[in-house]
Amino acid sequence: MALLQIAEPGQSPQPHQRRLAVGIDLGTTNSLVAAVRSGLSEPLADAAGQVILPSAVRYHADRVEVGEVAKAAASADPLNTVLSVKRLMGRGLADVKQLGDQLPYRFVGGESHMPFIETVQGPKSPVEVSADILKVLRQRAEATLGGELVGAVITVPAYFDDSQRQATKDAARLAGLNVLRLLNEPTAAAVAYGLDQHAEGVVAIYDLGGGTFDISVLRLTGGVFEVLATGGDSALGGDDFDHAIAGWIVQQAGISSDLDPAQQRLLLEAACAAKEALTDSPSVTLSYAGWAGLLSREQFDALIEPMLARSLKACRRAVRDAGIELDEVEAVVMVGGSTRVPRVRQAVAELFAREPLTDIDPDQVVAIGAAIQADALAGNKRGDGEELLLLDVIPLSLGLETMGGLMEKVIPRNTTIPVARAQDFTTYKDGQTAMMVHVLQGERELISDCRSLARFELRGIPPMVAGAAKIRVTFQVDADGLLSVAARELASGVEASIQVKPSYGLTDGEIARMLQDSFKNAGDDKVARVLREQQVDAQRLLEAVEAALLADGERLLDADERMAIDAQIELLRDLMAGTDGLAIEQQTKRLTQVTDAFAARRLDATVKAALAGRSLDEIEE
Amino acid sequence: MGSPCHFALFDLQPGFRLDQELLAARYREMARQIHPDRFADASEREQRLALEQSASLNEAYSTLKSASQRARYLLALRGPELPLEVTVQDPDFLLQQMQLREELEDLHDSADLAGVAQFKRRLKVAQDELNESFAVCWDDASRREEAERLMRRMQFLDKLSHEVRQLEERLDD
């Protein structure tokens, strides 16, 4: 079967010559690169022996510094030093402004909707900043491995949406890397853990990083890693713990919270240091701007409790989505630097009623897993002969806008990728020749609560009566989790399609909120949905009645009848502007009743005309 | 080109009673062969083919995995394509459904977690019974109407269990 051939015979790699591929964990706080060498996946160190590269970039007029040096300059040169750029990936200017005071940068709008950070070297997009980090890792890998890379697997948080994935892929290309695959971070961690421990069965990966939280539930079976469900809460991460401590300091010291960028950095650095110290000590002495105080671990635990509770809720939801019970999870693996916080480990242990595993360094496990996948994708056979297969899912539902501003789900969240699914739609008005296709991502029912991914128009639909056209919209999500959409009118074969490349986005918090709200507001949504449906029904009737009045009103109605109908139309119009769904529904019925006789007369006239040998169309004219 | 039968894809005989373990094993076997990861280095055309084939495989697997979708698929194999939404003429069942939904509302209002757990167990029993009834009649052409009714009941119970999940989410706040 030709399909199974991986490389053309002439292009096959020489035996015993490994093709160089790396796994890169591009993190909010820290980044790493790892590779498989002598059958073992391990992170690669820089010349100074350091494995971890802080995700910090400082721009000078004539050069760029990345890593520890840049991070150290963050409070001295806050405007030109970019930290936590991952939180900006795939975001629009408006979204970034919402992050507001947390970010000390000056943003400018670019040609696209992307935000640019004003630096001494000119405006820099988050994609460029990320690319500068990736370039350093690429150089490190090429120097260590002694050759050019075939490609790289770059990890992304599982809940990353389409535009964030696209932005990450763009950054890698900009850094001169061939992207073999975008891989979800918890899945990468599961690979590292599963192969290391020869684990089988159901495993949960609890991944709390600097700015992101993911929970994934997987089934491991003989080298196959099948993601059953994934979830996230991106308002969660070590950064948020730091902000909580910083807020506490501001409160205790009685200082103004209106700080300049340099002060803000110093405060956060003090908070972060305190958090780290509390991992090993029961309390820590803090000093900031002349104030000094003691923070106990108990006080810190209380500060982060609300965030922790949200992460546990996401865990329970993912387990439910996986269709299993908590006690069916056979192992829990801790990933991400923030899982070093003792209270986090304790809370996770309590939830799953088992001690979480921390065998592999939580900072390194993602890169190690990504390297294993990269090695396999590059065509290198694994030593133990067991071939690896990762089956991942989409984190958020994908759908389309339907009439009345509602989201119709085409692919529900936690569907295995790759996936292709089609849904048929029809036209709403007589003679409609174009249809807007609006692609959405999210869990809520109203489109205003979902993320808009793309819009495109299908034109050239042959004019037909409302409801006669059959428009098939096909969604396809590839193995990187990237979406493309095509629309086709089935009778005429008219087609339109788009590779979804959104140029703006929502904040991490908004995605998390979208998910959370969809559960919280399931009740409200239903009310809103019912109202929209009532409004749509009313609108439909209005349009039909008005078209009929225009065509036959003069001919078939006397003045009194016409006045009665007009009065009911007026009433319905007024009600439709409001939110009283029940009143709209009742008035819709009333208008139907008052136009009943008119409709019957029209039908009669049509039948008579038809009997006289005239076509329906001629009567409509 | 028509797509091959979902059952044939997994080298299984069409049937309602299905060895889920075997299905899962065959799925993993197939996925290993055609997943796009196996073609990371191949030509664009092969990559596209792998993507399409993997997507169909995933679709077939998810259809066969779910009892109600499998039932629906079997009936479509044996007879005319079934419309997704029809007016259901099954008054006793509908009445029972309404009662179950009211019960669910009460569980919500009283935030009764133990009650929800019990409700789930009852639902599971009801689903198992339906599956059993369907298994013995779907292949009998003279009992087609009955099989269709049972399949629609399965779909109703699917929806109900989805609602139970949503209720659990809400009670988790």
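Cut-offs applied
- Residues numbered from 1 in each chain as written.
- Chains lettered and ligands numbered in written order.
- Predicted model: local features only at pLDDT ≥ 70, side-chain atom pairs only at ≥ 80, totals over all residues.
- Heavy atoms only, no water.
- Helix = DSSP H or I, 4+ residues; strand = E, 2+ residues; numbered from the N terminus.
- Rg over C-alpha atoms; globule rule 2.2 N^0.38 Å.
- Buried < 20%, exposed > 50% of the residue type's maximum accessible area, 1.4 Å probe, protein only.
- Contact = heavy atoms within 4.5 Å.
- Areas by Shrake-Rupley, 256 points an atom, 1.4 Å probe, with all protein chains shown as cover.
- Lys, Arg positive; Asp, Glu negative; His and termini not counted.
- Charge placed at Lys NZ, Arg CZ, Asp CG, Glu CD.
- 1 Å grid on protein atoms, 1.4 Å probe; cavity = no way out; pocket = protein on both sides within 12 Å on 5 of 7 lines; lining within 4 Å.
- Points joined across faces, edges and corners; volume = space filled by probe spheres on them.
- UniProt positions renumbered as here; feature names shortened; annotations may be inferred.
- pLDDT = per-residue confidence, 0-100.
- Buried area = accessible area lost by both parts, 1.4 Å probe.
- Salt bridge = Lys/Arg side-chain N within 4 Å of Asp/Glu carboxyl O.
- Polar contact = N/O pair within 3.5 Å; in protein donor to acceptor, adjacent residues only side chain to side chain.
- Nonpolar A, V, L, I, M, F, W, Y, C, P; charged D, E, K, R; others polar.
- Core = buried A, V, L, I, M, F, W, Y, C linked by side-chain atoms within 4.5 Å.
- Phe/Tyr/Trp six-rings, centres within 6.5 Å; stacked < 30°, edge-to-face > 60°.
- Lys NZ or Arg CZ within 6 Å of the ring centre and 35° of its normal.
- Pairing = 2+ DSSP bridges.
- Axes fitted to C-alpha atoms, helices over the stretch in contact; angles between N-to-C directions.
- Parallel < 35°, antiparallel > 145°, perpendicular 65-115°, else oblique.

## A word on the overall build of chain B
Okay, so step 1: Looking only at helices and strands, one finds seven helices and zero strands in chain B.
Okay, so step 2: Walking chain B from its N terminus toward its C terminus, one meets helices and strands in the order α-α-α-α-α-α-α.
Okay, so step 3: The C-alpha radius of gyration computed for chain B amounts to 20 Å, which surpasses the reference 16 Å derived for 173 residues by more than 25%, pointing to a less compact arrangement than a globule.
Okay, so step 4: When its C-alpha atoms are laid out on the principal axes, chain B stretches across 60 × 50 × 30 Å.
Okay, so step 5: Here chain B holds 173 residues, and the buried ones make up 39% of them.
Okay, so step 6: Put simply, 67% of the contacts in chain B that link residues at least 6 apart link residues at least 24 apart.
Okay, so step 7: Counting every atom, chain B has about 9900 Å² of accessible surface; 49% of that belongs to carbon and sulfur.
Okay, so step 8: Averaging the locations of the 24 positively and 34 negatively charged side chains of chain B gives two centres separated by 4 Å.

## Here we look at empty space enclosed by the protein
Residues and elements named next belong to chain A.
Okay, so step 1: The tally for this structure, following the rule as stated, stands at four cavities of 30 Å³ or more.
Okay, so step 2: Of the volumes computed, that of the largest cavity is approximately 120 Å³.
Okay, so step 3: Lining the largest cavity are 14 residues, and of these R181, L182, D392, I417 and A479 lie nearest its centre.
Okay, so step 4: Looking at the lining of the largest cavity element by element, the count peaks at four residues for strand β12 (residues 179-184).

## Description of the UniProt feature "domain: J" (unreviewed entry) in chain B
Okay, so step 1: If you check UniProt for "domain: J" (unreviewed entry), the listed places come out as residues 5-77 of chain B in our numbering.
Okay, so step 2: Along residues 5-77 of chain B, the helical share is 71% and the strand share 0%, with 9 Å between the first and last C-alpha atoms.

## Regarding the confidence of the model for chain A
Okay, so step 1: Chain-level pLDDT for chain A is 84 on average; 86% of the residues reach the 70-or-more range.
Okay, so step 2: Note that pLDDT drops below 50 for residues 501-521 of chain A; the model gives that stretch 69 contacts with residues more than four away or on any other chain.

## A closer look at the interface of chain A and chain B
Okay, so step 1: Listed per partner, the contact involves 38 residues of chain A and 31 residues of chain B.
Okay, so step 2: Taken together, both faces of the contact between chain A and chain B bury some 3300 Å²; the carbon and sulfur share is 50%.
Okay, so step 3: The tally of links between chain A and chain B comes to eight salt bridges.
Okay, so step 4: Across the pair D172 of chain B and R320 of chain A runs a salt bridge, and its minimum N-O distance is 3.5 Å.
Okay, so step 5: Summed over the shared surface of chain A and chain B, the number is 10 residue pairs in polar contact (both at pLDDT 80 or more).
Okay, so step 6: Going through the elements one at a time, β15 (224-232), α8 (297-321), α10 (365-377), β19 (389-391), β22 (419-425), β25 (471-477) and α11 (508-520) of chain A are the ones with two or more residues in the side of chain A that touches chain B.
Okay, so step 7: When residues in the side of chain A that touches chain B are grouped by element, the largest group, five residues, is from α8 of chain A.
Okay, so step 8: For the side of chain A that touches chain B, the per-class residue count stands at 19 nonpolar, six polar and 13 charged.

## Concerning the nonpolar core
Okay, so step 1: Grouped together as the largest cluster of nonpolar side chains are 49 residues, with contacts concentrated most on Y206, V344 and F352 of chain A.
Okay, so step 2: At nine residues, the largest contribution of residues to this core is made by α8 of chain A.
Okay, so step 3: When sequence neighbours within four positions are dropped, the list of residues in contact with Y206 of chain A reads F213, D214, I215, L308, S311, C315, V333, M334, V335, T339, V344 and V348 of chain A.
Okay, so step 4: With 43 residues, the next largest nonpolar core counts F10, L64, Y73 and A135 of chain B among its residues.

## So, the packing of aromatic side chains
Okay, so step 1: Taken as a whole and assessed by the stated rule, the structure comprises nine aromatic pairs over all chains.
Okay, so step 2: Ring plane angle 75° and centroid distance 6.1 Å describe the contact between W248 of chain A and W291 of chain A, whose orientation is recorded as edge-to-face. Of the two residues, W248 of chain A is situated in helix α6 (residues 238-253) and W291 of chain A in strand β17 (residues 291-296); the sequence distance between them amounts to 43 residues.
Okay, so step 3: When its relative accessible area of 17% is taken as the criterion, W291 of chain A is described as buried.
Okay, so step 4: Through successive ring pairs, a cluster of aromatic residues spans F10, Y27 and Y61 of chain B.
Okay, so step 5: One residue, R70 of chain B, lies across the ring of F16 of chain B, its end atom 4.6 Å from the ring centre.
Okay, so step 6: Above the face of the F156 of chain B ring, K159 of chain B is positioned so that its terminal group lies 5.6 Å from the ring centre.

## Regarding unusual backbone geometry
Okay, so step 1: Between I417 of chain A and P418 of chain A the backbone carries a cis peptide bond, its omega angle lying at 0°.
Okay, so step 2: Its place among the elements puts P418 of chain A in the loop between β21 (406-411) and β22.
Okay, so step 3: Here A289 of chain A, not a glycine, exhibits a phi torsion of approximately 45°, which is positive.
Okay, so step 4: On the secondary structure map, A289 of chain A appears in the loop between β16 (283-288) and β17.
Okay, so step 5: Positive phi is not limited to glycine here, since D11 of chain B has a value of about 60°.

## A few points about the sheet that holds strand β18 (residues 331-335) of chain A
Okay, so step 1: Judged by pairing direction, the sheet is mixed, and its five strands sit side by side in the order β18-β13-β14-β15-β19 (chain A) without closing on themselves. Lying at the two open borders of the sheet, with one neighbouring strand each, are β18 and β19 of chain A. Averaged over all neighbouring strand pairs, the angle between strand axes comes to 25°, with direction disregarded.
Okay, so step 2: Bridge count between strand β14 (residues 213-221) of chain A and β15 of chain A: eight bridges; the pairing is antiparallel. Looking at β15 of chain A, one finds that V217 of chain A is bridged to A229 of chain A.
Okay, so step 3: Across the sheet, helix α2 (residues 20-34) of chain B lies against β14, β15 and β19 of chain A, angled at about 110° from β19 of chain A, the strand it touches most.

## Focus: the sheet that holds β21 of chain A
Residue and element names in this part refer to chain A.
Okay, so step 1: Spatially, the four strands line up as an open sheet ordered β21-β20-β23-β24, and their pairing is antiparallel. Single-partner strands in this sheet number two, and they are β21 and β24 (451-458). Here the average twist between neighbouring strands, direction ignored, is 30°.

## A look at the pattern of salt bridges
Okay, so step 1: Counted according to the given criterion, the structure contains 45 salt bridges over all chains.
Okay, so step 2: Linking R78 of chain B and D139 of chain B is a salt bridge whose minimum nitrogen-to-oxygen distance equals 2.9 Å. You can see R78 of chain B sitting in helix α4 (residues 67-78) and its partner D139 of chain B sitting in the loop between α6 (113-137) and α7 (144-171), a full 61 residues away along the chain.
Okay, so step 3: Where salt bridges share partners, they join D321, K409, R413 and E443 of chain A together with R165 of chain B into one cluster.

## Here we look at the confidence of the model for chain B
Atom-level detail of predicted coordinates should not be read off regions where pLDDT is low.
Okay, so step 1: When pLDDT is averaged across chain B, the result is 87; 94% of the residues are at 70 or more.
Okay, so step 2: On the interface metric, ipTM, the complex scores 0.90, and its pTM is 0.79.

## So, the layout of surface pockets
To find the voids left in a structure, one rolls a probe of water-molecule size over its atoms.
Residues and elements named next belong to chain A.
Okay, so step 1: Space inside the second largest pocket adds up to approximately 1200 Å³.
Okay, so step 2: In terms of lining, the second largest pocket is formed by 47 residues, of which the most central are T29, N30, G210, D239 and C272.
Okay, so step 3: Those elements giving two or more residues to the lining of the second largest pocket turn out to be β2 (30-37), α1 (68-72), α6 and α7 (261-277).
Okay, so step 4: At seven residues, the largest contribution of residues to the lining of the second largest pocket is made by α7.
Okay, so step 5: For the lining of the second largest pocket, the class distribution of residues is 16 nonpolar, 16 polar and 15 charged.

## Some remarks on the pairing of β24 of chain A
A regular strand places its side chains on the two faces of the sheet in alternate fashion.
Residues and elements named next belong to chain A.
Okay, so step 1: When you tally the buried positions in β24, you get six out of eight residues, the bulk of the element.
Okay, so step 2: Sheet topology note: the strand β23 (residues 435-441)/β24 ladder contains seven bridges and is antiparallel. The residue bridging H438 from the neighbouring strand is R455, located in β24.

## Describing the packing of α6 of chain A against α7 of chain A
Residues and elements named next belong to chain A.
Okay, so step 1: Their axes nearest at 8 Å, the elements α6 and α7 cross at an angle of 110°. As the angle between them shows, α6 and α7 are arranged roughly perpendicular. Contacts between α6 and α7 involve G238, F241, D242, H243, I245, A246, I249 and V250 on the former and, on the latter, L267, L268, A271, C272 and K275.
Okay, so step 2: A per-class count over the contact of α6 with α7 returns nine nonpolar, two polar and two charged.

## Details of the side chain of D162 of chain A
Okay, so step 1: In this fold, D162 of chain A is placed in helix α4 (residues 162-174).
Okay, so step 2: There is no salt bridge for the buried D162 of chain A, and the closest opposite charge comes from R165 of chain A, which lies 6.4 Å off by N-O distance.

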